[in-house]
Amino acid sequence: GSSCVCQPGYRMVSSNGGSSVICEKCPENMSGVTQDGWNCITCPKGLTSEGKCKCLNNEILVERSIDGILLNEALCMNCNGSEQSFSASDASGNRCVRCEQTFINVSKSCDCSSPNILTGGLCFSASDSLPPKGVATVRFGQLGITLTSAWFLKNLQSSASACWLYSNLTACQALGNMCVMNMNSLSSSSTDACGLFQYIYVNTARLGIVHSIAFWRHNLPWLYYGDQPGLASQVLEANHFPTIFSFKGTDKDVKLQFIAASFDAAGNFLKWQNLEGGILQLCPDTQTKLSAAYAFGTTYQQSCKISVSKILLDFANPIFYDLFLEYNGDNGQQYLWAVPVLNLNLQYSEMFVNQGRNMNNWLLTRRFFLVDTLSGKENDLGKLPRVIRIASKITISIRLVSHTQRGTIYPPLLTIAYTDVLVQNPETQSVMVSFSVSYEMNQSEAQIQTDITLGVLGGLAVLWSLLKTAGWKRRTGSSIIDLQTVLKFLLFYAGDLANVFFVITVGTGIYWLVFFKAQQFVSVLLPLPSQEEDFVTYIACAFSLKALQFLQLLVSQLAIDIFFIDWERPKGKVLKAVEGEGVIKSAAAPVSIWRTYFIANEWNEIQTVRKINPLFQVLAVLFFLEVVGFSNLALMDSSSSLTRGSESYIAPWSRILRFGVSAALWLAIAFLQIIFFSVFYERFVEDKISQFVDLCCMSNISVFLLSHSCFGYYIHGRSVHGHADTNMEEMNINLKREAENLCSQRGLLPNTDGQTFQISISRKMRLHYDRIHETLTRKRGPARLLDSSANTFEQSTRAYNTMNKFLSSFIDHVHKEMDYIVKDKLLLERILGMEFMEPIEKSIFYNDEGHSFSDVLYYGNETTLLIFDVLFFSIVDLASQSFVLAAILTYLQQEIFRFIRNTLGQKNLASKTLVDERFLI
C-alpha cells in the first residue's frame, strides 16, 4: 500500500497510517526531526536529506535517555574500537556492535587503516596473498551494454579475497553467484567474477572434492562440469538415471521429483524447495496445472507476457538455484542426482558454444537464476536497475534410453535462455517468458524403418503402375509408347504413391497411438514437433497425389461414352400424313421414348451414389472426437482417458496422434458403414446398383458404356417378355410369369442370368461406332429444338436410330465381321485388372457378376474417395488444429465435387445419348 509522510523540517502531529496526516513545522532552534518523525530535536552535526540528524562514521545517534526521555539535543557517541570492546556502529548507525572479525585479525582493532586493505566491509592485510584485482563489470551482450555493477563493485573483491584466504562458505557462494550473474562466461584474459572463481578453483585443489564429484571443490559452489571437449556427452549419456518410470503406478514412478537448493545473492543458503507449485514457472496458474509439469510423460508448455514492473516488484532480490532429481536407492534411502544446466547465453572465449547442436562443444553448468535485478544497478543499490536479465525460456529435457523396456532415462537437462531488458518505462514494458518440459528418444531407427518401407512400397507402386499402364494401353487399342502413355503412367503412379504414403502415415499414427498410450513401463516416447516434419510432409504428399488422382478420376468419368439401346419394337401400324404431299400413308407405330428418359434419369441419379453416407460419416467422426472425447488421445501426455477435468492441465497436441486418432476413427466408421450397407441395407432395403440392372431389364433397355477407346461395360436389359411398353395389367402378368419361371432367363446367353459384362471391342467395331457417334453428337439435338432447323433434328434422329439399330444388331450377332464372344476372365486377369487377349477379329464380352460398370460411378471408386476425404480432413486439421473446422470443410468439399460431378455428368449424358437435358431431373 501507500501512505503519506511529512516533508523535511516538519514533524507528525497525527497519523492513522493512511492518507490522513497532520504535520507541524519544527522551530528554528530545533530544526531536526527524530528518527520516528514525531518530535523535533537539535542536531549538532547537521541534517540528512530527510531532515534527520546525522553522525560521523563509527558514531551512533542517541535521541533519548536511557529511560526513554527525549533529549533536547541529539548526541553522537563514539563506539570503542579498542581491544577490550572491539565495537563499531552497525549499518543503521543506531547501536555499537562487535566489529567484523577480519578487522580484529588484521589490526587488533576496528580500524582498517593503511597499509591494510578495506574492501566490501572486510579488512585484509597488505602482506596477504590476495587474488588478482577483479573487474566489477557486467556485460549484457544482447543490448551491447557493459556497465559497472554497484553490487560487484561492493562485494566482488571482498568475496573473492575471503573465499581465497579463509575459505569462507558464504563468500565463496556469493562469488559463485556473481559468476552466474555474468552468465558463467569464461575468458582467459579476464579477471571478472568467473575469472576470479576459476583462479580460486584451480588453486584450491588441496581442499579435496565433495561426494566424489570431481567438479565440486570443498567450500566452493559447484558451477561447472569442466571444459574438456566431449565432456557434455559423457555427462548426459554415459550413465542412466537409476529409477524406472512408468505411466501407471505409484506417485514415485510417475512423478519427476525435482528438488532445488536456493541461495540469496549474498551467498546465504535459504532452503530446499520442491519444484511443484511453480517455483521455476514465471507465468501464474493454478497449483494443479503448475504441478502437472512434473508428471512423467506429459509434454508441458506454458508461456505468457509479464510486465517489467511486476518483475521488479516480485523479484527485488535474485534467488539462485542448484537443481537435483531425487530418487531412492536399493536400500530405500533417498539420493539426489545433480541436474546439469545448458545456459545458451554462456560465452567461452567470446563464443556462444552452447547454441550449436554439437553436444561435444557444450559447456554444462549447475547454478542458475530466474530474474537478476541486482547486477544491472550502476551507482546506487537502492535505485532501479538500468538493465535486468530474465530467464525467458526454460526447458527441461527428458531423454529415453534407446531399446529400454523399463522406462530408463538419461539424466535430465535444463536448458535456459536469458533476455536482457533495458529498463526505461517499467509500466509499459513487458517480456515474453516460457517454461516447458519435453520428452524425446532417438528416432533414427524408426526413420530408417520408415525409409525402408517407403522404398519397398514405392518400388512395388512403380511395378503396379506399369501394369496399370499396360492394361490401359490394351484397352485404348494402342501399342505405341508416346507422351500420352508417359503422362498416364505418371497419373497412375501418383495415385499408387499416394496410397503408399497413406498406408505409411496411418500405420505410423496408429503405431504411436497404441504403443505410447497403452504402455505401462515406458519403452517409447513421442517424436518432438521438430521430428514430426517428415511425417507432415508425407501427409502433404499423400494428399497432393491423391487429389491429382481424384481429379483425373473425375475427368475420366465425365468423358465416358454411353448409349441406351432400346429393344422395343413397334406394335402394329398407324396412319400418318406425309408433310408437303397431302397424302396419308401407313407407318410403323412409334416406340415411346419415356422408358429411355426414365433409365437416363435413374443413371443420372446413381452417378454420385456412394457405399457410405458422407454426412453421417462426418457427423459420426466429429461426435466421437469432440463429444465422446477421442480427441484427448491426441494429447502429448501419458493419460489414455477420454475425459479431462476442467482444472487439469491440457497438454499440447501431437500432430502424429491427431492424424492417427482421426484417420483410425474415419476408417473404422467407414468400414462399419460399408459392412452395414453391403450386408444389411443393400440386401434387405435398397441396392441401387442391382436395382438399376433390374430396371433396365423391365424397361427393355440395355446400356452400352465405353470408358476407354476399346473397353467398356455392357448391361443387358433386353426384356424376356419381348416388350415393356405395356399397361399395368400386362406388366404384372409378366412379372408373375417370371417369378414362376414360366419364361426364359434374363441373361445375354441362353439359359444364363448374366446381365452385366466387361467388354473389350475390336478396332473395327470402334471405328464403326465412332462414325455413327460423330453424326449423333454433331448437334445437341432436342436440347435445342426451339432454335434448331428441322434438318438438324432429323439428322440427329436418324443418327440415334442408326446407333440403336447398329448396337442392337451387334448384340444379336448380325455383323459377322464385327462379332463377339462371351467368356469368363482368368483369375489373374481379375487380380491385375487387365485383359490378356487382344480383340483383333472379334470383340470379347467378359462375364461380370460384380457389376464392375460402377467403376465409372462414384460407387465403384469408394476407396479413392474415402482416402481423399481422410487426407483432406487431416490436412485441414493439421493446419487449423480444429476437428470441427476440418469436418465442416470436408463435408463442403464433398458436396461441391458431388455437384460438379452431377452437373457435368448430366451434360455428358445428354450429349452422348441424345436425351434432352430438360428431362434429367
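For the structure, see preceding data.
The model shown is predicted, which means the values in this text are computed figures rather than measured ones.

Chemist: What am I meant to see in the nonpolar core here?
Modeler: Across soluble globular proteins, nonpolar side chains show a tendency to be buried alongside one another. Residues Phe 152, Leu 256, Phe 258, Phe 296, Phe 368, Ile 390 and Phe 435 are the most contacted members of the largest nonpolar core, which totals 148 residues. Sequence-distant contacts of Phe 435, defined by excluding residues within four places in its chain, comprise Leu 280, Gln 281, Ala 293, Tyr 294, Tyr 300, Gln 301, Gln 302, Ile 394 and Ile 396. Grouped together as the second largest cluster of nonpolar side chains are 27 residues, Ala 600, Ile 689, Phe 692 and Ile 701 included.

Chemist: Got a minute to help me understand the pairing of strand S30 (residues 711-715) in this structure?
Modeler: Successive residues of a regular strand alternate their side chains across the two faces of the sheet. Burial analysis of S30 places 5 of its 5 residues in the buried class, the great majority of the element. Sheet topology places strand S29 (residues 701-706) next to S30; 4 bridges connect them, and they run antiparallel. Looking at the pairing, Leu 705 lines up with Tyr 713 of S30. When S30 meets strand S31 (residues 756-760), the two strands line up antiparallel, connected through 5 bridges. Of the residues in S31, the one forming a bridge with Tyr 713 is Gln 758.

Chemist: Help me out: how do you make sense of the sheet that holds strand S26 (residues 561-566) in this one?
Modeler: Strand order in the open sheet formed by 6 strands is S26-S29-S30-S31-S33-S32, and the pairing between neighbours is mixed. A single partner strand is all that each edge strand has here, and the edge strands are S26 and strand S32 (820-823). Here the strands of the sheet are splayed against their neighbours by 20° on average, with no regard to which way each runs. Across the sheet, helix H15 (residues 688-699) touches S29, S30 and S31, and the angle it forms with S29 is around 125°.

Chemist: I keep staring at the state of the cysteines and nothing clicks. Help me out?
Modeler: Should the sulfur atoms of two cysteines be covalently bonded, the bond is a disulfide. Tallying each qualifying case throughout the model produces 9 disulfides. Covalently, Cys 79 is tied to Cys 96 through a disulfide, its sulfur atoms 1.9 Å apart. With the S-S bond torsion at -85°, the cross-link from Cys 79 to Cys 96 turns out left-handed. In this pair, Cys 79 is assigned in the loop between strand S6 (70-78) and strand S7 (87-89) and Cys 96 in strand S8 (residues 96-98), connecting sequence segments 17 residues apart. Given a relative accessible area of 6%, Cys 79 falls into the buried group. Residue classification places Cys 96 among the partly exposed residues on the basis of a relative accessible area of 33%. With its sulfur 2.1 Å from that of its partner, Cys 179 forms a disulfide with Cys 194. Between Cys 179 and Cys 194, the S-S torsion sits near 105°, and that sign places the bridge as right-handed. Taken together, the positions of Cys 179 in helix H3 (residues 169-181) and Cys 194 in helix H4 (residues 193-202) put the pair 15 residues apart, joining distant regions of the chain.

Chemist: Just checking my understanding: could you explain the side chain of Asp 687 for this structure?
Modeler: Tracing the chain through its elements places Asp 687 in the loop between helix H14 (655-685) and H15. One buried charge, Asp 687, has no salt-bridge partner; the nearest side chain with opposite charge is Arg 683, at 8.7 Å. Looking at Asp 687, its side chain comes within polar contact range of the side chain of Ser 690, at 2.8 Å.

Chemist: Any chance you could explain the packing of aromatic side chains here in plain terms?
Modeler: Within a pair of aromatic rings, the relevant descriptors are the distance that separates the centres and the angle that separates the planes. By the definition in use, this model includes 58 aromatic pairs. Between the aromatic rings of Tyr 511 and Phe 515, the centroid separation amounts to 4.6 Å while the plane-to-plane angle is 35°, which identifies the pairing as tilted. One end of the pair, Tyr 511, and the other, Phe 515, are both in helix H10 (residues 483-517), 4 residues apart, so they sit about a helical turn from each other. Of the residues examined, Tyr 511 reaches a relative accessible area of 35% and is grouped as partly exposed. Exposure remark for Phe 515: the relative accessible area of 45% places this residue in the partly exposed category. Following the ring pairs from residue to residue traces out a cluster consisting of Phe 241, Phe 245, Phe 247, Phe 296, Tyr 327, Tyr 335, Trp 337, Tyr 439 and Phe 516.

Cut-offs used in this document
Residues numbered from 1 in each chain as written. Predicted model: local features only at pLDDT ≥ 70, side-chain atom pairs only at ≥ 80, totals over all residues. Heavy atoms only, no water. Core = buried A, V, L, I, M, F, W, Y, C linked by side-chain atoms within 4.5 Å. Buried < 20%, exposed > 50% of the residue type's maximum accessible area, 1.4 Å probe, protein only. Contact = heavy atoms within 4.5 Å. Helix = DSSP H or I, 4+ residues; strand = E, 2+ residues; numbered from the N terminus. Pairing = 2+ DSSP bridges. Axes fitted to C-alpha atoms, helices over the stretch in contact; angles between N-to-C directions. Disulfide = S-S within 2.5 Å. Lys, Arg positive; Asp, Glu negative; His and termini not counted. Salt bridge = Lys/Arg side-chain N within 4 Å of Asp/Glu carboxyl O. Polar contact = N/O pair within 3.5 Å; in protein donor to acceptor, adjacent residues only side chain to side chain. Phe/Tyr/Trp six-rings, centres within 6.5 Å; stacked < 30°, edge-to-face > 60°.

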